Amino acid sequence: MMINGEWVKGCYYLDRSLKEYRNNRPHFHDSWRIDVVYDNHRFRSRHKTAAEAEKALLLLKEQHIEEYVATCEWCGRVFEVCSGYQRFCSPGCKAAYRNQWRRRSLGFMVLDEHGRRLTQKVIPKGK
Ligand SMILES: [Zn+2]
């Protein structure tokens, strides 16, 4: 999610779920919870205010900053991710990667007797 224009993993939310029954009357939670996974470990905690929850998420980001770095699959540049799942450092690299596949798939394109393209997908076996 975005916090102050910065991408941070995880989320925080106001928890108003049922806490307990006291004197036969329900009491509800009234706290902000954070929930985020780093290094296959789930971090959860409770906070009194939304600002505290945001701070906790930002602190966890600092502590796991290495998970915010990825290598571009097209140009190999190391970059900081600014969304959940990002494989390319720029839209240009994403487009270049896609075009590569389009060009490759042309090899499998077949024309019918009228010269029209048949978009027939041929997937080589064992690959
Ligand atoms: Zn790139």
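Residues numbered from 1 in each chain as written. Predicted model: local features only at pLDDT ≥ 70, side-chain atom pairs only at ≥ 80, totals over all residues.

Student: I'm lost on the overall build of the protein chain in this one. Help?
Tutor: Of regular secondary structure, the protein chain possesses two helices and 11 strands. Secondary structure elements of the protein chain, listed N to C terminal, follow the sequence β-β-β-β-β-β-β-α-β-β-α-β-β. When the 127 residues of the protein chain are sorted by exposure, 7% land in the buried category. (Helix = DSSP H or I, 4+ residues; strand = E, 2+ residues; numbered from the N terminus. Buried ≥ 20, exposed ≤ 12 C-beta atoms within 10 Å, placed from the backbone.)

Student: What exactly am I supposed to notice about the sheet that holds strand β7 (residues 41-47) here?
Tutor: The strands making up a sheet are joined through hydrogen bonds of the backbone, oriented either antiparallel or parallel. The three strands are arranged β3-β6-β7 in an open sheet whose pairing can be described as antiparallel. Lying at the two open borders of the sheet, with one neighbouring strand each, are β3 (11-15) and β7. Neighbouring strand axes in the sheet, compared pairwise and without regard to direction, differ in orientation by 20° on average. Pairing analysis gives seven bridges linking strand β6 (residues 31-38) to β7, with the strands arranged antiparallel. The partner of W32 across the bridge, within β7, is H47. Of the strands in this sheet, β3, β6 and β7 touch helix α1 (residues 50-63), which is tilted by about 15° from β6. (Pairing = 2+ DSSP bridges. Axes fitted to C-alpha atoms, helices over the stretch in contact; angles between N-to-C directions. Contact = placed C-beta atoms within 7 Å.)

Student: How do you make sense of unusual backbone geometry when you look at a structure like this?
Tutor: Note: most residues except glycine have negative phi, and most peptide bonds are trans. Its identity is not glycine, yet N23 carries a phi of approximately 55°, on the positive side. If you trace the backbone, N23 turns up in the loop between β4 (18-22) and β5 (25-28). Unlike most non-glycine residues, N40 shows phi in positive territory, near 60°. Within the secondary structure, N40 sits in the loop between β6 and β7.

Student: Is there a simple way to think about the nonpolar core in this case?
Tutor: General note: in soluble globular proteins, nonpolar side chains tend to be found buried as a group. In this structure, Y12, W32, I34, V36, A53, A56 and L57 together form the largest nonpolar core, which totals seven residues. Excluding residues that lie within four positions of it along the chain, Y12 makes contacts with W32, R33, I34, A50, A53, E54 and L57. (Core = buried A, V, L, I, M, F, W, Y, C linked by C-beta atoms within 7 Å.)

Student: Would you mind going over the environment of L58 with me for this structure?
Tutor: By secondary structure assignment, the location of L58 is in helix α1. Separated by 52 residues in the primary sequence, L58 and E6 place their C-alpha atoms 9.3 Å from one another. In this view, L58 contacts I3 and V8; residues no more than four positions away in its chain are not counted.

Student: Looking at this model, I keep getting lost on the environment of D35. Mind explaining?
Tutor: Mapped onto the elements of the fold, D35 is located in strand β6. With 26 residues separating them along the chain, D35 and K9 place their C-alpha atoms 9.1 Å apart. Setting aside anything within four residues of it in sequence, one finds D35 in contact with G10, C11 and R44.

Student: Which parts of the structure should I look at to understand the environment of V8?
Tutor: Considering the arrangement of structural elements, one finds V8 in the loop between β2 (6-7) and β3. Residues V8 and L60 lie 52 residues apart in sequence; the distance between their C-alpha atoms is 9.1 Å. Beyond its immediate stretch of four places on either side in the chain, V8 contacts M1, I3, L57, L58 and K61.

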